[in-house]
Amino acid sequence: MTDNFIQSKIIDDVTAPQLAKAEAVASLHQKNGVTPKYFIQTFGCQQNEADSERLAGLCTMMGYEPASSPAEAKLILCNTCAVREHAEKKALSIIGQYKHIKDADPSVIIGVGGCMVTQQARADKLKMSYPYVSFTFDTGAIHTVPTLVYEALTGGKRRFVLSDEWKISEGLPITRSSRHQAWLSIMYGCNNFCSYCIVPYVRGRERSRKAEDIIEEARQLIAGGAKDITLLGQNVNSYKGGDGCDIAELMHRICALDGDFRLRFMTSHPKDASDRLIEAMASEEKIVKHFHLPVQSGSDRILAEMNRKYTRDSYLEKIAKLKAAVPDVSITSDIIVGFPGETDEDFEDTLSMMSEVRYDMVFSFIYSPRSGTPAAKMENQIPREVSSARMERLLALGDGISKERNQRFVGRTLRVLVEDVSKYDSTTLTGRGNPVRPIHFKGDKSLIGQFVNVKITGNETFCLNGELV
Ligand code: SAH
Ligand code: SF4
Ligand code: F3S
């Protein structure tokens, strides 16, 4: 097994029979004297990346080795996203390309999971129009993949059912894609039903893992060399880990673990961002001083239509508290442009919000209607040309502010976790400071996974340049 494979000590009743199935698949391969390869294609957010690491863990247990391309693989799993139309189109186009692979080798198994196929209509479409796909698995059914693979290997029927169970399966093995950087899911699902968003429909209701299970996983990750741990959930502020353990308490408990590591969290809903969480960030040295607090719009009218349950003023109040408690904090945001009925005036409110907050970085999206959500049925859908023109203005403003915010680091020495060699130049390393701007500097690749001090010498829009101290 690979050295980045971890098997949890806590295995629940949902997971145990599936792990037995995974071993049964491994014995089938062993009997045939082969070590087949797997390939996982991941779309979407960090939740999906974390799920794909669990899928990789199951593949490892089933006796597969990683392939560097889908063409080499005997098992191809595609983990899809549905947040915008573009994400679904991209996934369908990639899945379309797998047809050639299956034509060349009919023994290849192709499975599709994730948010796109957690909609019955999409699962049905794959069943009807993509006959070479063996099965789909919804976001609550990752743990069932060993059964699905076993059935496909032993001549079972194609399977396209939604389980709709939304259980937590504790104890799935994980094959991590990085040694030093780790995703740690603390909860699943979302209860917020923002009117534009498909996530609550495809990820189910909120359910939190027990604090003890999370802390045990954190301990294992740190022992395995993790230096950068990100707690994941659609709205980590509503985490409820039993005995009154909220996100702030959970982070205090993880920070108390021995080891040199930093702790982050994604994502926070502004209506639930608590004073306790802000205080935890201010007081715990290990918590990265970065708060992603998606505002979506600066207009009260649009915020109400979006069902966001906060106002411009209450959001700004939280920002003021945060800046007062954590003076150097990096604040980032998601913004949607062209929500149904957005007027020029509403859009100006969004721009003025950005100027007021001065975000380190804004992730902006043109509104994409998602079938089944209330906003998709709203009148006054905004024409593409209008949204695109607004987007251009938003990007220009956001980039200017990002660059200006980066300037505050120039001349300072930051503690940086070295992540990788630059894609463009093998003598340059990339890493992240605290706050988390990407930083480029000259150095040897043996430093990857270590903390180093870097003096910042210059800044660009999205990154910083520096020198090893
Ligand atoms: N739970 C996270 C968001 C997950 S989706 C949160 O609430 O912050 C990530 C981002 O995608 C959202 O913040 C939103 O800006 C964007 N998004 C979601 N649905 C969208 C849609 N239908 N069209 C365009 N952008 C969308
Ligand atoms: Fe979607 Fe809103 Fe839930 Fe975020 S909080 S996942 S935007 S419904
Ligand atoms: Fe996409 Fe699902 Fe994440 S819809 S953004 S992969 S939760």
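Since the structure is predicted, the reported quantities are computational estimates derived from the model, not experimental observations.

Caption draft 1: Structural context of the domain arrangement of the protein. By domain assignment, the protein separates into domain 1 (9-161), domain 2 (178-288), domain 3 (299-408) and domain 4 (410-468). With 10 residues of domain 3 at the interface, the matching set in domain 4 holds 10 residues. Summed over both partners, the interface of domain 3 with domain 4 comes to about 1,100 Å²; 42% of that surface belongs to carbon and sulfur atoms. For the pair domain 3 and domain 4, the number of links is 1 salt bridge. Salt-bridge contacts for Asp328 lead to Arg412; the nearest nitrogen and oxygen are separated by 2.9 Å. At the surface where domain 3 touches domain 4, the tally comes to 7 residue pairs in polar contact (both at pLDDT 80 or more). Here the element with the most residues in the side of domain 3 that touches domain 4 is helix 13 (residues 384-406); it accounts for 4 residues. Partitioning the side of domain 3 that touches domain 4 into residue classes produces 1 nonpolar, 4 polar and 5 charged.

Caption draft 2: Up close: the sheet that holds strand 13 (residues 290-292). Spatially, the 3 strands line up as an open sheet ordered 13-14-15, and their pairing is parallel. The sheet terminates laterally at strand 13 and strand 15 (361-366), the two strands that pair on one side only. Here the strands of the sheet are splayed against their neighbours by 15 degrees on average, with no regard to which way each runs. One ladder, built from 3 bridges, connects strand 13 with strand 14 (residues 330-337); its direction is parallel.

Caption draft 3: The arrangement of the site of ligand 1 in detail. Lining the immediate surroundings of ligand 1 are 15 residues, of which Gln234, Thr267, Gln296, Asp334 and Ser368 lie closest. In the model, an oxygen atom of ligand 1 is placed 3.1 Å from a nitrogen or oxygen of the Arg84 side chain. Burial of ligand 1 by the protein amounts to 90% of the accessible area it has alone, namely 540 Å². Going through the elements one at a time, strand 14 and strand 15 are the ones with two or more residues in the shell around ligand 1. In terms of residue class, the shell around ligand 1 is built from 7 nonpolar, 4 polar and 4 charged. Two domains each donate at least three residues to the shell around ligand 1, and these are domain 2 (178-288) and domain 3 (299-408).

Rules of the game
- Residues numbered from 1 in each chain as written.
- Chains lettered and ligands numbered in written order.
- Predicted model: local features only at pLDDT ≥ 70, side-chain atom pairs only at ≥ 80, totals over all residues.
- Heavy atoms only, no water.
- Domains from an automatic or database assignment.
- Contact = heavy atoms within 4.5 Å.
- Buried area = accessible area lost by both parts, 1.4 Å probe.
- Salt bridge = Lys/Arg side-chain N within 4 Å of Asp/Glu carboxyl O.
- Polar contact = N/O pair within 3.5 Å; in protein donor to acceptor, adjacent residues only side chain to side chain.
- Helix = DSSP H or I, 4+ residues; strand = E, 2+ residues; numbered from the N terminus.
- Nonpolar A, V, L, I, M, F, W, Y, C, P; charged D, E, K, R; others polar.
- Pairing = 2+ DSSP bridges.
- Axes fitted to C-alpha atoms, helices over the stretch in contact; angles between N-to-C directions.
- Near = heavy atom within 4 Å.
- Areas by Shrake-Rupley, 256 points an atom, 1.4 Å probe, with all protein chains shown as cover.

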